[in-house]
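Each chain is listed here by its residues.
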Amino acid sequence: MSPARTRPATALRVRRRLGAFVFLTPGLAYLVVLLLVPLALVLSYVFFQRGRFGGVVYEYTTENFSRLLDPLYLRVLGESLQIAALTTVIALALGYPTAYLIARLPRKWKTVALVAIVLPFWTNFIIRMYAWIILLNGPGLINSALKSLGLGPFELLYNQGAIVTGLVYSYLPLMVLPLYAAIEKLDPQLREASANLGASGFTTFRKVTLPLTVPGVLTGSLFVFVPSFGNFVIPEMLGGGKSVMVGNLIRTEFLKARDWPFGSALALALVAVLVVLLLAQAWAARRA
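Sequence order sets the numbering: in each chain, residues are counted from 1 along the sequence as written. Per-residue local features are limited, in this predicted model, to residues with pLDDT of at least 70; the limit for side-chain atom pairs, both in listing and counting, is 80 or more; totals at the level of whole chains, interfaces and linings are taken over all residues. Note that the side-chain values use all heavy atoms of the structure and ignore hydrogens as well as water.

Participant: Quick one: what's the story with the overall build of the protein, residue by residue and with numbers?
Facilitator: For the protein, the count of helices and strands is 13 helices and 2 strands. Its C-alpha atoms give the protein principal-axis dimensions of roughly 75 × 65 × 35 Å. Note on exposure labels: buried denotes an accessible area under 20% of the residue type's maximum, exposed denotes more than 50%, and partly exposed covers the range between, all computed with a 1.4 Å probe on protein chains only. Residue burial in the protein is summarised as follows: out of 288 residues, 32% are buried. In what follows, a contact means two residues having at least one pair of non-hydrogen atoms within 4.5 Å. A fraction of 68% describes how many contacts in the protein between residues 6 or more apart in sequence connect residues 24 or more apart. Split by element, the accessible area of the protein, about 17500 Å² in all, is 70% carbon and sulfur. Secondary structure follows DSSP: runs of H or I at least 4 residues long count as helices, runs of E at least 2 residues long count as strands, and numbering of each begins at the N terminus. Every accessible area reported is derived by Shrake-Rupley at a probe size of 1.4 Å, with residue values counting cover from the shown protein chains alone.

So, in structure tokens, the structure goes:
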């Protein structure tokens, strides 16, 4: 090829790369300023000590990592994993049928149903949690209804059950939407072929629908588990501070104990767990 022809091609490639760089710059700047820089600061604090009256003393130590293995903090980590896993399982059990029914609705009703799913996000999060406090407290609406049926009253507030209820309510839409997208993309002829071959509805669901929607299940589960694991507002408001999760512990170390180095170690441990979950989800999605 002559040099006269290669010059325009080279210039075109340069313009394309420059255009791609221009479009990527805002997103990259956002990640660097609001993610990488704070993460680097947190990582640097891990190797220093807490001052006598809080803050950071710039003396090298690895004690913050050894403190993570204390049984008290391991118990908090285990309890947080348990609550987040239970929340994810319940959200999946509720979200899959909901997404399946929405996908089977007539087209004009699908938008209405999806808007109804995301409608709670239009209300302030704290106001919604206060609404749950009113519903779950002793003389609240739920206990009053149970009392009229001769059941209760029950202790519905300030326990792990209230925390799981608040987490499921808050993050259920994050489960429904990926599941709906996965179910909506399914070719209906696959289910018809399964039925024509004599498979029952349950067999068709088990052998056709569910395997093909596994990526949506994994994505929705990750979307629910990650914020549930690090949440600290719901355990504080609906749990009354009786159940301490990792998010509450990190907030306490930073804002109350003012032990920034150990709070940074806890935050990095949380990030490490979430990175492992992301890698596991990516691996499982590829296998699926």
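Participant: Break down the domain arrangement of the protein for me, with residues and values.
Facilitator: With domains assigned, the protein is organised as domain 1 (3-45) and domain 2 (66-287). Counting from both sides, the interface comprises 4 residues of domain 1 and, opposite them, 5 residues of domain 2. As used here, buried area is the combined drop in accessible area, with a 1.4 Å probe, of two parts when they are placed together. For the domain 1 face of the interface with domain 2, the top three residues by lost area are Leu 39, Val 42 and Tyr 45, together amounting to 88%. Any carboxyl oxygen of Asp or Glu that lies within 4 Å of a side-chain nitrogen of Lys or Arg is treated as forming a salt bridge with it. Our count for the contact surface shared by domain 1 and domain 2 stands at 0 salt bridges. For the purposes of these results, a polar contact is taken to be a pair of N or O atoms within 3.5 Å, where, inside protein, one atom must be able to donate a hydrogen and its partner to accept one; residues adjacent in sequence count only when each atom of the pair is a side-chain atom. Viewed at the interface, domain 2 and domain 1 are joined by 0 residue pairs in polar contact (both at pLDDT 80 or more). Split by residue class, the side of domain 1 that touches domain 2 holds 4 nonpolar, no polar and no charged. The split of the chain into domains comes from an automatic or database domain assignment. Only Asp, Glu, Lys and Arg are considered charged, only Ala, Val, Leu, Ile, Met, Phe, Trp, Tyr, Cys and Pro nonpolar, and every remaining residue, Gly among them, polar.

Participant: Requested: an account of a nonpolar patch on the surface, with residues and values cited.
Facilitator: A surface patch of nonpolar side chains, amounting to about 1000 Å² of accessible area, comprises Leu 24, Leu 28, Tyr 30, Leu 31, Val 32, Val 33, Leu 34, Leu 35, Leu 36, Val 37 and Leu 41. Looking at the secondary structure, you find Leu 35 in helix α1 (residues 3-45). Patch definition: residues with relative accessible area over 30% and no salt bridge; like charges joined within 9 Å; nonpolar side chains (Val, Leu, Ile, Met, Phe, Trp, Tyr) joined within 5 Å.

Participant: Before we move on, could you go through the pattern of salt bridges and cite the residues and values that matter?
Facilitator: One pass over the full model with this rule turns up 4 salt bridges. Residue Arg 67 is joined to Asp 259 by a salt bridge in which the shortest nitrogen-to-oxygen separation is 3.0 Å. Taken as a pair, Arg 67 in helix α2 (residues 63-67) and Asp 259 in the loop between α12 (246-256) and α13 (260-287) lie far apart in primary sequence, 192 residues in all. Taking the relative accessible area as the measure of exposure, Arg 67 reaches 25% and is therefore partly exposed.

Participant: Tell me about the environment of Pro 215, and name the residues and values.
Facilitator: Structurally, the position occupied by Pro 215 is in helix α10 (residues 214-230). Separated by 32 residues in the primary sequence, Pro 215 and Ile 183 place their C-alpha atoms 10 Å from one another.

Participant: Please provide a residue-by-residue account of the UniProt feature "transmembrane region" (unreviewed entry) in the protein, values included.
Facilitator: UniProt positions are given in the numbering used here, feature names are shortened, and annotations may be inferred rather than shown by experiment. Mapped onto the present numbering, the UniProt feature "transmembrane region" (unreviewed entry) falls on residues 21-48, 81-102, 114-136, 156-181, 212-234 and 262-284. The straight-line gap between the two end C-alpha atoms of residues 212-234 is 34 Å; of that span, 87% is helix and 0% is strand. Each end of residues 262-284 is marked by a C-alpha atom, and these two atoms are 33 Å apart; helix forms 100% of the span and strand 0%.

Participant: An account of α12 is requested, with residue identities and associated values reported.
Facilitator: The complete set of buried residues in α12 reads Val 246, Gly 247, Asn 248, Leu 249, Ile 250 and Glu 253. On its buried face, α12 sits against α3 (71-104), α10, α11 (233-237) and α13. Arg 258 occupies a position one or two residues after α12 and carries a positive phi of about 55 degrees.

Participant: Give a description of the packing of helix α4 (residues 107-118) against helix α7 (residues 160-184) that names residues and reports values.
Facilitator: Taken N-terminus to C-terminus, the directions of α4 and α7 make an angle of 155 degrees; their axes are 9 Å apart at the nearest point. In terms of their interaxial angle, α4 and α7 are classed as roughly antiparallel. The way α4 lies across α7 gives a crossing that is left-handed. For the pair α4 and α7, contact is made by Lys 110, Leu 114, Ile 117 and Val 118 and by Pro 173, Val 176, Leu 177, Tyr 180 and Glu 184, respectively. Residues that form the contact of α4 with α7 fall into these classes: 7 nonpolar, no polar and 2 charged. Helix axes use the C-alpha atoms of the stretch in contact, all axes being lines fitted to C-alpha atoms, and the angles between their N-to-C directions lie in the range 0 to 180 degrees. In what follows, roughly perpendicular refers to angles from 65 to 115 degrees, roughly parallel to angles under 35, roughly antiparallel to angles over 145, and oblique to any angle outside these ranges. Each crossing is labelled by how the near helix is turned from the far one, with a counterclockwise turn of less than a right angle marking it left-handed and a clockwise turn marking it right-handed.

Participant: So what's going on with the environment of Ser 200? Residues and values would help.
Facilitator: The topology assignment puts Ser 200 in the loop between α8 (188-196) and α9 (201-212). Along the chain, Ser 200 and Phe 232 lie 32 residues apart, while their C-alpha atoms are 45 Å from each other.

Participant: Before we move on, can you summarise the packing of aromatic side chains with the specific residues and values?
Facilitator: Two aromatic rings from Phe, Tyr or Trp, using only the six-membered ring of Trp, form a pair when their centres are within 6.5 Å; if the ring planes differ by under 30 degrees the pair is stacked, by over 60 it is edge-to-face, and anything between is tilted. Tallying each qualifying case throughout the model produces 9 aromatic pairs. Each ring, one from Phe 47 and one from Phe 65, has its centre 5.6 Å from the other, and the planes form 55 degrees; the classification is tilted. Residue Phe 47 is found in the loop between α1 and β1 (49-50), and its partner Phe 65 is found in helix α2; the two are separated by 18 residues along the sequence. What makes Phe 47 partly exposed here is its relative accessible area of 28%. A centroid spacing of 5.5 Å and a plane angle of 65 degrees characterise the contact between Trp 132 and Tyr 169, whose relative ring orientation is edge-to-face. Remark: Tyr 169 occurs in helix α7 and Trp 132 occurs in helix α5 (residues 125-136); sequence separation between them is 37 residues. The exposure class of Trp 132 is buried, given its relative accessible area of 17%. Its relative accessible area of 28% is what places Tyr 169 among the partly exposed residues. Members of the aromatic cluster, each reached through a chain of ring pairs, are Phe 47, Tyr 60 and Phe 65. The ring of Phe 262 has Arg 67 sitting right over it, with the charged end atom 3.9 Å from the ring centre. Lysine NZ or arginine CZ positioned within 6 Å of the ring centre and within 35 degrees of the ring normal marks a charge as sitting over the ring.

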